[in-house]
Amino acid sequence: MSSSKRRAPLGIDFIIVGAGVAGLASAFRLCQAGHRVRVLDKASGPNRRAGGTHLPPNATKVLVDWGFKDELLKHGLRTRASTFISIDTGKVIGCLEWKEDVLQETGADYLVIRYRDLYDMLYRAAVNAGARITYGATVTKVHANPPRVELQDGTVLKADMVIGADGPRSTVREAVVGWPGEEVPEGHSAYVAIVPRDILQNDPELSDLTRFHEDRPDYPIWTGDSRHVIAFTVAGGTEFAIHAFLPDSEVDGIGDQDGWDVIVPRERLPFHFEPKLQRLLDIPATYQRVRLFQRECAEEWTDESGRLLLMGEAAHPLYPCVLQGCSMQIEDAEVLGTLFSRLRAWDQLPHLAEAFQELREPRTRAIYAKETKAFETVWVAPGPQRNARDQALYGMMMEGHKGWDETKMRWQWDEICEVFGYNARDAAEDWWVMWGMLRERSITREGHCPSSYTVPFCMGATVTHYAEPVVLRN
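One numbering rule holds for all chains: residues counted from 1, following each sequence as written. Reporting of local features is limited, given that this is a predicted model, to residues whose pLDDT is at least 70; pairs of side-chain atoms are given and counted only at 80 or more, and all residues count toward the totals for whole chains, interfaces and linings. Processing note: side-chain calculations cover all non-hydrogen atoms of the structure and skip hydrogens and water entirely.

An unreviewed UniProt entry annotates the chain as FAD-binding domain-containing protein of Suillus subaureus. UniProt positions are given in the numbering used here, feature names are shortened, and annotations may be inferred rather than shown by experiment. The chain has a UniProt comment under Sequence similarities (unreviewed entry) that states "Belongs to the paxM FAD-dependent monooxygenase family."

Listed below in structure tokens is the structure:
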């Protein structure tokens, strides 16, 4: 039986703090697994972040398994390459291409999608699965014994387990490890906007940008000294997402404001680039801005009781608007749902919570390191290192025109298999076979039975159970 169809023998009550991608995806998977879930978020309503996001094969295969294939075909677009362009001259530097045969080995497509479409997809799925989602609910305190949260208005809500998916400044993380964690400004911010694609098509100087994803499935990256811009088609081909990364030192009057609700007028941004890119960036009147921070993983993702658990950015750092940003949150949700679909006794809770960190921490640390290195690659200053990068990208572009032999294919597979070939469900199932079942057999041999397990904290209290009504091809 697929893990996304398996229902836990023991269904419990979860409160998830945070209704971002991680929170919504986890709510959906936990409801699928037979649990009762309430999601609380301090925002006034659903996330309306601009821009797009990447869904590489490691994320797409999860979403297809969840039943989202038709929606991905409707809203997402396949991509196979990144074309690198000089941010100063507009000259094509080279191309980083993922070969079709290699991507097929990863088990799914590489897509780009509008962030709002992904968010709405997960929101609908969570609600339809039975999750109750409450916006405007600010959690001020979290307690483990018994598991409960206190809201800003004084309301106390109880559950059997509280999950912190409330971002890097997590209230749940404070309850688990005692403080929200240190953060240091990285020195850059991402500026995000959406442009209707027909504006580009009707502009003689920009119309050729629409060939990206039209003539071939790739997208442009303008790269320069400590800055870059990515643009790609989203919303089923009707919009163009722009992600511009700039040094904070060059943007006056921004201050220390942070978060996706920061809106910056175009005239305050120092866009002085090659003419075509400059014309594109001048179209939006405003940009959403989010700062980049360097953060550390939480040392512990669960408390001693096993009733509080961290995930997403509350547990591990993620940069905004990067290749694997949403993917790590989707993987988190799949691993969480798969593990807790095996829940049959109360004393499994701390073991499954520890298993979640055991599975996810090495993976997210490795991806964060790769994303950090990717910034260094696109932001490299003029000099020998940039020349070497440009030569490598140009060489790949020329070899792509000539065709790749088996040796080149094998080299690319070795480069991406660990990242794109990862299967979150299989990782969780492998853990269960290796360790979960071993523990089950050990308990059986020792003569324990489920009736002897610890009574849940919320038993005897008044608790409300909430319930409300892979390769993609057309």
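So, on to helix H5 (residues 115-129). Over its 15 residues, H5 extends 21 Å from the first C-alpha to the last, a length consistent with the 21 Å expected when each residue adds 1.5 Å. In this description a helix means any DSSP run of H or I spanning at least four residues, a strand means any run of E spanning at least two, and both kinds are numbered starting from the N terminus. Backbone geometry just downstream of H5 places Gly130 in the positive-phi region, at approximately 120°. Under the convention used throughout, the expected extent of a helix is 1.5 Å for every residue step, that is, one less than its residue count.

Below, the discussion takes up the pattern of salt bridges. Any two side chains of opposite charge can pair, so long as their charged atoms come close to each other. When a carboxyl oxygen of Asp or Glu lies within 4 Å of a side-chain nitrogen of Lys or Arg, that pair is called a salt bridge. This model, assessed by the stated rule, comprises 27 salt bridges. Arg279 is paired through a salt bridge with Glu205; the nearest N and O atoms lie 3.8 Å apart. Taken together, the residues Arg279 in helix H8 (residues 275-281) and Glu205 in the loop between helix H7 (197-201) and strand E14 (218-224) connect sequence positions 74 residues apart. Accessibility here uses a 1.4 Å probe with only protein chains present; expressed as a share of the type maximum, an area under 20% marks a residue as buried, one over 50% as exposed, and anything in between as partly exposed. On the accessibility criterion, Arg279 (36% relative accessible area) is partly exposed. Between Asp208 and Lys276 there is a salt bridge, with the nearest N and O atoms lying 2.5 Å from each other. Here the residue Asp208 occupies a position in the loop between H7 and E14, and Lys276 occupies one in helix H8, the gap between them amounting to 68 residues.

Further remarks concern the sheet that holds strand E1 (residues 13-17). Pairing is parallel in the open sheet, where 5 strands are placed in the order E8-E2-E1-E12-E19. On the outer flanks of this sheet lie strand E8 (132-135) and strand E19 (308-310), each paired with one strand and no other. Ignoring which end each strand starts from, the neighbouring axes of this sheet average 20° apart. Taken together, the 4 bridges between E1 and strand E12 (residues 161-164) define a ladder with parallel strand orientation. Looking at E12, one finds that Ile15 is bridged to Val162. Strands are labelled as partners when DSSP assigns at least two bridges between them. Between N-to-C directions, angles cover 0 to 180 degrees, with each direction set by a line fitted to C-alpha atoms, over the stretch in contact for helices.

The set of buried Ala, Val, Leu, Ile, Met, Phe, Trp, Tyr and Cys residues whose side-chain atoms join them within 4.5 Å is what this entry labels a nonpolar core. Formed by 84 residues in total, the largest nonpolar core has its most connected members in Trp66, Val149, Leu339 and Phe340. Pairs of residues are marked as contacts when any of their non-hydrogen atoms sit within 4.5 Å. If sequence neighbours within four positions are ignored, Leu339 has contacts with Leu352, Ala355, Phe356, Leu359, Ala428 and Trp431. Residues Val102, Ala190, Ile230 and Tyr368 belong to the second largest nonpolar core, which totals 35 residues.

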